[in-house]
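Structure assessment
Take a look at the letters that make up each chain.
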Amino acid sequence: MTQSFQFSLLATDGAARRGEVSMPRGTIRTPAFMPVGTAGTVKAMYMDQVRDLGADIILGNTYHLMLRPGAERVARLGGLHEFARWPHPILTDSGGFQVMSLAQLRKLSEKGVTFKSHIDGVVHEMSPERSIEIQGLLGSDIQMQLDECVALPAERDVIERSMELSLRWADRCKIAFGDQPGRAMFGIVQGGDDEALRVRSAEALTGLDLKGYAVGGLAVGEPQPVMLAMLDAVCPALPQHKPRYLMGVGTPDDIVKSVQRGIDMFDCVMPTRAGRHGLAYTRHGKINLRNARHAEDSRPLDAESDCPAARDYSRAYLHHLVKAGEALGGMLLTWNNLSYYQSLMQGLRDAIEAGRLADHAAALAEGWARGDL
Ligand SMILES: COC(=O)c1ccc(CCNc2nc3cc4nc(N)[nH]c(=O)c4cc3[nH]2)cc1
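Residues numbered from 1 in each chain as written. Predicted model: local features only at pLDDT ≥ 70, side-chain atom pairs only at ≥ 80, totals over all residues. Heavy atoms only, no water.

Before going further, it helps to examine the site of the ligand. Around the ligand lies a shell of 17 residues, among which D93, D147, G217, L218 and A219 are the nearest. A distance of 2.8 Å separates a nitrogen atom of the ligand from a polar atom in the backbone of L218. In isolation the ligand offers 610 Å² of accessible surface; the protein chains occlude 79% of this area. Spatially, the ligand is embedded in the largest pocket. Grouping the amino acids of the shell around the ligand by side-chain chemistry returns 9 nonpolar, 5 polar and 3 charged. (Near = heavy atom within 4 Å. Polar contact = N/O pair within 3.5 Å; in protein donor to acceptor, adjacent residues only side chain to side chain. Areas by Shrake-Rupley, 256 points an atom, 1.4 Å probe, with all protein chains shown as cover. 1 Å grid on protein atoms, 1.4 Å probe; cavity = no way out; pocket = protein on both sides within 12 Å on 5 of 7 lines; lining within 4 Å. Sits in = over half its atoms within 2 Å of the grid points. Nonpolar A, V, L, I, M, F, W, Y, C, P; charged D, E, K, R; others polar.)

Turning our eyes to something else, we now look at the nonpolar core. Of all hydrophobic cores here, the largest spans 77 residues; its most connected members are F115, L246, I255, F266, L344 and L348. Leaving out residues up to four positions away in the same chain, L348 has contacts with I255, V256, V259, L357, H360 and L364. Ranked by size, the runner-up nonpolar core spans 20 residues in total, among them V21, V36, I57 and Y245. (Core = buried A, V, L, I, M, F, W, Y, C linked by side-chain atoms within 4.5 Å. Buried < 20%, exposed > 50% of the residue type's maximum accessible area, 1.4 Å probe, protein only. Contact = heavy atoms within 4.5 Å.)

At a minimum axis distance of 11 Å, the contact between helix α10 (residues 252–259) and helix α14 (residues 327–354) shows a crossing angle of 20 degrees. On the basis of their axis angle, the class for α10 and α14 is roughly parallel. Crossing of α10 against α14: the hand is right-handed. For the pair α10 and α14, contact is made by P252, I255, V256 and V259 and by Y340, Y341, L344, M345, L348 and I352, respectively. Taken together, the residues that form the contact of α10 with α14 break down as 10 nonpolar, no polar and no charged. (Axes fitted to C-alpha atoms, helices over the stretch in contact; angles between N-to-C directions. Helix = DSSP H or I, 4+ residues; strand = E, 2+ residues; numbered from the N terminus. Parallel < 35°, antiparallel > 145°, perpendicular 65-115°, else oblique. Left-handed = near helix turned anticlockwise from the far one by under 90°.)

Before going further, it helps to examine the packing of aromatic side chains. Throughout the structure, instances matching the rule amount to 5 aromatic pairs. Ring geometry for F5 against F186: centres 6.2 Å apart, planes inclined by 90 degrees, an arrangement best described as edge-to-face. Here the residue F5 occupies a position in the segment before β1 (6–13), and F186 occupies one in strand β11 (residues 184–189), the gap between them amounting to 181 residues. When sorted by exposure, F5 lands in the same class as F186, which is buried. Between Y63 and F115 the ring centres are 5.5 Å apart and the planes differ by 45 degrees, which places this aromatic pair in the tilted class. Remark: F115 occurs in strand β8 (residues 113–116) and Y63 occurs in helix α2 (residues 62–67); sequence separation between them is 52 residues. Both residues of the pair, Y63 and F115, count as buried. (Phe/Tyr/Trp six-rings, centres within 6.5 Å; stacked < 30°, edge-to-face > 60°.)

Below, the structure written as structure tokens:
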């Protein structure tokens, strides 16, 4: 058990890295996928299940938890780990992205963001300092700087001013974070779809000597080649020996291609939200259980999986549950999807260690393309 935050590179395969982040609450094996636990719960899952699937860390959201039940209340109740019964590492997003995508009437200035809660309409102000304070009250192990994620497409000068605001906020967050032993604060690289601005952001954040670096401003609807081009520009401009976290990504294919470009950590609502909407991720690709073609298909999703949700239930039953709106439908598909995502990450970690990532990526893509025979 370590009292500090340490990232070690165990192996590389091209630009891909196999590493470990060791923290007081546990070790994160990278490449890592963080299930999203927005309001202190990974929806439709018990935390023990999430852990048993191989998750080393989950994500929580400052925006949601500050509105309900409130950061001070969570602190009074012992912090988020105790509250949600997840004793392992937690990374929290800083709230800026969620304000712009969820809140009503929001105003952004040098000071921070002001917004009305989408829950009860109460007006809140969140400065970089308040975001870090909230994440500290939650007990977050990896805290994200407050940033601005500019909506694309945007004029270059708009992207530049936004990126520079986020850099000033990174500095304020570093000061506000201070010295929290065993915890880390990550900067967030911005710069839209402009490679030069992306590199400027990465280099400036590197100068702040932070514990890790996120790549933000992506997975906002841009085509995959644009996202990947930004990674090709950003990753070489970030320190080799610090973790890199691509926010909000993504599909299995996004994750593989991003790992190949040097990304270590991921989070995405895809496996959980899509699961609740009837969609299964498997090694044969996506299966939409709402489709009538499954109504009498007695096969399981994947007979070779070690996840009961994939192995023990017929597609016909899953189709029935989904069409009937039964809670068990979302539970089983979420279980299957998170199991598939964690097995995808384990496969990538093994392939990098063995120096066979290119072949492994090709085999994965072939399985997805072959579809569901
Ligand atoms: C069923 O699947 C879905 O509904 C679904 C919805 C959204 C995403 C994409 C999420 N993308 C995304 N999350 C993000 C979170 C971010 N946080 C900060 N602080 N800064 C960013 O710059 C930022 C960018 C993101 N991009 C992916 C999947």
